[in-house]
Amino acid sequence: NLEAMLGGEYFNWHQYTLNARTENSPSDDIPTLNAGSNRTYTYSYKEGYRILSGFARVNYNYNYKYLLSVVARYDGISKLSDNRWGFFPGVSAGWNVHEEAFFKDSELAKVVSTVKPRISYGINGNVNGIGNYDVYGVYDKQTAYNGTTGILNTGVINSKLKWEKSKSFELGLDLGFLDNRYNLILDYYNRTTSDLLTNVNLPGYTGFDSFKTNLGSLRNTGFEVEGNLSLIRNPKGFNWDFSFNASLVHNKIIKLPYNGNENNRQGGTQVFDPKTQQVIWVGGYQEGHTMGDIYAYKQVKIL
């Protein structure tokens, strides 16, 4: 059995905002601005972005036993400049063991109704957090000397900004028991995210507070368990379903931009380590370390 899909998408979002107010209107019954004698404020703003995408998918199965799926996307977005296009493929495979004759004829099939191991690999893209015009530089109207209006650059131009990409490898197992009244889903994943979109603070003398850049890579590994139990089935009466899930996640910083510090450390605090009898750096971001570590002082006593 073979299924194929080929498609495209064009998305265009734009917004035009106009705000104005006036004073000294003779009556609230006249809702238009011309009723007042003093227009005290006017403001208008225009923004938008576009996405152009092409995508394809092929699903194949042999007698509903052996499953294969291949997908691919090619996306371009106006929020990026020199690197606005990204290619995001993926492939997955599965095996319905419960459809095999040797399994159906076994004693195990009386209890276990579904056995489906799965494996997949794919790349996802992310541009969340990027403003519509961040990479092109942001400019603002400023009133300069003697009432003359000028334009001030308030955002750094960064035309080299890229898609943030996550490469994910997953292994899974779906189990069903007693005609799938009880289901258990097990998943292991290894996901490495590169070109992380991060705001970096800049020195005050540059004239800018911060700018967004692609900063390093991070790996997340974990294990997830999900269970769905149909405790009571009654088509004409009371039904009781119960579900639960649990996950274990570990992260590790793989790479940071070179800055001359040990492990290319960014931020952190120096503390004395009684084990090594030396001053060490803790906290911040360091290659080979985890994110989100919390360090605090331990009180010994009060004198």
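Preceding this paragraph is the structure being described.
Trainee: Sorry if this is basic, but what is going on with the overall build of the protein here?
Mentor: The helix and strand inventory of the protein stands at one helix and 15 strands. In terms of overall dimensions, the protein is more spread out than a globule: its C-alpha atoms have a radius of gyration of 29 Å, far above the 19 Å expected for 303 residues. Over its C-alpha atoms, taken along the principal directions, the protein stretches across nearly 90 × 70 × 45 Å. Out of the 303 residues in the protein, the part that is buried amounts to 24%. For the protein, the share of sequence-separated contacts (at least 6 apart) that also reach a separation of at least 24 residues comes to 58%. Carbon and sulfur atoms make up 54% of the accessible area of the protein, which totals about 21,200 Å².

Trainee: Sorry, what's going on with the sheet that holds strand β1 (residues 2-23) here?
Mentor: To summarise the sheet geometry, strands pair through backbone hydrogen bonds and adopt either a parallel or an antiparallel arrangement. If you walk across this open sheet you meet the nine strands as β1-β2-β3-β4-β5-β8-β9-β12-β13, and the pairing is antiparallel. Each of the sheet's edge strands pairs with one partner strand only, and the pair in question is β1 and β13 (240-255). Strand-to-strand, the axes of this sheet are offset by a mean angle of 10°, without reference to chain direction. Bridge count for strand β9 (residues 182-194) against strand β12 (residues 217-232) is 13 bridges, and the pairing is antiparallel. Residue Ser-194 lies in a different strand from β12, and its bridge partner there is Ser-217.

Trainee: Got a minute to help me understand the pattern of salt bridges in this structure?
Mentor: A complete count under the given rule lists eight salt bridges for this structure. When the shortest N-O distance is used, the salt bridge between Lys-65 and Glu-100 registers 3.7 Å. In this pair, Lys-65 is assigned in the loop between β2 (38-62) and β3 (66-77) and Glu-100 in the loop between β4 (85-95) and α1 (101-104), connecting sequence segments 35 residues apart. There is no split in this pair, since Lys-65 and Glu-100 are both buried. Of the charged contacts, one joins Lys-104 and Glu-99 as a salt bridge, the two residues approaching to 3.5 Å between their closest N and O atoms. A relative accessible area of 48% places Lys-104 in the partly exposed class. Classification of Glu-99 as partly exposed rests on a relative accessible area of 29%.

Trainee: Any chance you could explain the pairing of β12 here in plain terms?
Mentor: Walk down a regular strand and you will see the side chains alternate between the two sheet faces. Relative to β13, β12 is paired through 15 bridges, and the arrangement is antiparallel. The residue bridging Val-225 from the neighbouring strand is Ala-246, located in β13.

Trainee: When you look at the packing of aromatic side chains in this model, what are you seeing that I'm missing?
Mentor: The description of an aromatic ring pair rests on the distance of the ring centres and on the angle between the ring planes. Per the stated rule, a full pass over the model turns up six aromatic pairs. Here the aromatic rings of Tyr-62 and Tyr-66 are separated by 6.2 Å at their centres, their planes lie at 15°, and the arrangement is stacked. With a centroid separation of 5.1 Å and 15° between ring planes, the pair formed by Tyr-74 and Trp-85 is classed as stacked. Taken as a pair, Tyr-74 in strand β3 and Trp-85 in strand β4 lie far apart in primary sequence, 11 residues in all.

Each value, and the rule that gives it
Residues numbered from 1 in each chain as written. Predicted model: local features only at pLDDT ≥ 70, side-chain atom pairs only at ≥ 80, totals over all residues. Heavy atoms only, no water. Helix = DSSP H or I, 4+ residues; strand = E, 2+ residues; numbered from the N terminus. Rg over C-alpha atoms; globule rule 2.2 N^0.38 Å. Buried < 20%, exposed > 50% of the residue type's maximum accessible area, 1.4 Å probe, protein only. Contact = heavy atoms within 4.5 Å. Areas by Shrake-Rupley, 256 points an atom, 1.4 Å probe, with all protein chains shown as cover. Pairing = 2+ DSSP bridges. Axes fitted to C-alpha atoms, helices over the stretch in contact; angles between N-to-C directions. Salt bridge = Lys/Arg side-chain N within 4 Å of Asp/Glu carboxyl O. Phe/Tyr/Trp six-rings, centres within 6.5 Å; stacked < 30°, edge-to-face > 60°.

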